[in-house]
Amino acid sequence: MRHTRPPRSYERADDAIQVEVVSKPGGGSRELTHLGDRDRRHYDAVVTAVTPSIERALAPSAVANRARVTGKRLELEPWRLARRRYVHAVRASTSGPGRAAFVGDVRDCYGSMTPATVVRALHLVGAAPDSIERLATLLKSFESRGVRGLPIGPCPSAVLANAILAPVDDALREVAGGPAFRWVDDVVAFTPNLAAARRTAHAFDQALSGLGLSANEAKSHVVDDPIAVLAGVSKTSISPASRHGMMRAP
């Protein structure tokens, strides 16, 4: 069920930002942000400029929202292809005796990613300072018009979220002792035993804290049966709103 708020007014009609409240499959709702044509083109252009730096900094464990620049266009990997690759990677990692796993989720992921968080992440991946400055100015403009964190829905937000969460990928690889994967803001890390899984959970919390983010405690836990992890990720629990972020940027 969808409920659409009236567009928030701004100086020009094509600068209007419209927020659509969409129900989530597991309960609750999320706010999709529909940018005006001028903002949408600007957002796409400035993120396209920093995408190569972001992609070079990402590990293969970041499965969803992988991007590339074709000509001057930003493209994200098709949702179904990326999801299939993610499930296959998790399935291949569930075999073997004496295994455990940590499953984690970021609380209010996009809403917590402030312009300052984005700027820090882009400096870390080595993006050009002028591109970072232009993007920061645009995100602050969104913020002044009522957008909280990264706007949910536009494809460039998915690319920026990957840049911000890259340190989380690194932390999981260092501690888990087994393969670790991230689908947007959901992580699965396989470990040799429960003790290692608990250490991984702590590393996840610490990495998020350093970014100004926090774990969703209701969805973050240690499991002693990796097969149960596969059952969870095999379900298509991503809403159509999230799938939107996996499509080609306009």
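Conventions we followed
- Residue positions are counted from 1 within each chain, in the order its sequence is given.
- Local features in a predicted model are, by the rule used here, given only for residues with pLDDT of at least 70; side-chain atom pairs are given and counted only at 80 or more, and totals for whole chains, interfaces and linings are based on all residues.
- Processing note: side-chain calculations cover all non-hydrogen atoms of the structure and skip hydrogens and water entirely.
- Three exposure classes are used, based on accessible area relative to the maximum for each residue type with a 1.4 Å probe and protein chains only: buried under 20%, partly exposed in between, and exposed over 50%.
- Secondary structure elements follow DSSP: runs of H or I no shorter than four residues count as helices, runs of E no shorter than two count as strands, and numbering proceeds from the N terminus.
- What the arc measures is the spread of directions leading from the helix axis to the C-beta atoms.
- Whether two residues touch is decided by their heavy atoms; if any such pair falls within 4.5 Å, the residues are in contact.
- By convention in these notes, a salt bridge is any Lys or Arg side-chain nitrogen within 4 Å of a carboxyl oxygen on Asp or Glu.
- The axes used here are C-alpha line fits, helices contributing only the stretch in contact, and every angle between their N-to-C directions lies in the interval 0 to 180 degrees.
- Oblique is the label for any angle not covered by the other classes, which are roughly parallel (under 35 degrees), roughly antiparallel (over 145) and roughly perpendicular (65 to 115).
- Crossing handedness follows the turn of the near helix against the far one: under a right angle anticlockwise gives a left-handed crossing, and clockwise gives a right-handed one.
- A strand pair is defined by DSSP finding two or more bridges across the two strands.

Asker: Any chance you could explain helix α3 (residues 115-124) here in plain terms?
Answerer: Note: α-helices contain 3.6 residues per turn, so residues at a spacing of three or four share the same orientation. Along α3, the residues classified as buried are P115, T117, V118, A121 and L122. End-on, the buried residues of α3 take up no more than an arc of 155°, which puts them together on one face. Tucked inside the fold, the buried residues of α3 contact α1 (37-57), α4 (129-144) and α5 (155-176). Remark: G126 follows α3 within two positions and exhibits a positive phi of approximately 85°.

Asker: So what exactly am I meant to see when it comes to the pattern of salt bridges here?
Answerer: Two side chains bearing opposite charge may form a pair once their charged atoms approach each other closely. Here the structure, examined in full by the defined rule, presents nine salt bridges. Here R145 ties to D39 by a salt bridge, and the two come within 2.6 Å at their closest N and O atoms. Remark: D39 occurs in helix α1 and R145 occurs in the loop between α4 and α5; sequence separation between them is 106 residues. No difference in accessibility class separates R145 from D39, as the two residues are buried. One salt bridge in this structure joins R182 and D169, with 2.8 Å as the shortest N-O distance.

Asker: Explain the environment of V229 here, please?
Answerer: One can find V229 in helix α7 (residues 226-234). Assessed through its relative accessible area of 5%, V229 is described here as buried. With residues up to four places along the chain from it excluded, the contact list for V229 reads V90, A101, V103, V188, F190 and V223.

Asker: Quick question: what am I supposed to make of the packing of α5 against helix α6 (residues 194-210) here?
Answerer: Two numbers describe a pair of packed helices, the interaxial angle and the distance between the axes. Direction vectors running N to C along α5 and α6 enclose 160°, while the axes themselves pass 9 Å from each other. Taken as axis vectors, α5 and α6 run roughly antiparallel relative to one another. Helix-helix and strand crossings are classified by hand; for α5 and α6 the assignment is right-handed. Residues L165, P167, V168, A171, L172, V175 and A176 of α5 form the contact with α6, whose own contacting residues are A196, R199, T200, A203, F204, A207 and L208.

Asker: So what exactly am I meant to see when it comes to the sheet that holds strand β9 (residues 221-223) here?
Answerer: Picture the strands of a sheet paired through backbone hydrogen bonds; they go either parallel or antiparallel. Here we have four strands laid out as an open sheet, ordered β7-β8-β6-β9, and antiparallel in their pairing. The outermost strands of the open sheet, each flanked by one partner alone, are β7 (180-183) and β9. Neighbour-to-neighbour, the strand axes of this sheet turn through a mean angle of 15°, independent of strand direction. Relative to strand β8 (residues 186-191), strand β6 (residues 100-105) is paired through six bridges, and the arrangement is antiparallel. For D105, the partnering residue across the bridge sits in β8 and is D186. Against the sheet, helix α2 (residues 79-92) contacts β7 and β8, and its axis sits at roughly 155° relative to β7. The strands that α6 touches are β6, β8 and β9; relative to β6, the one it contacts most, it runs at about 20°.

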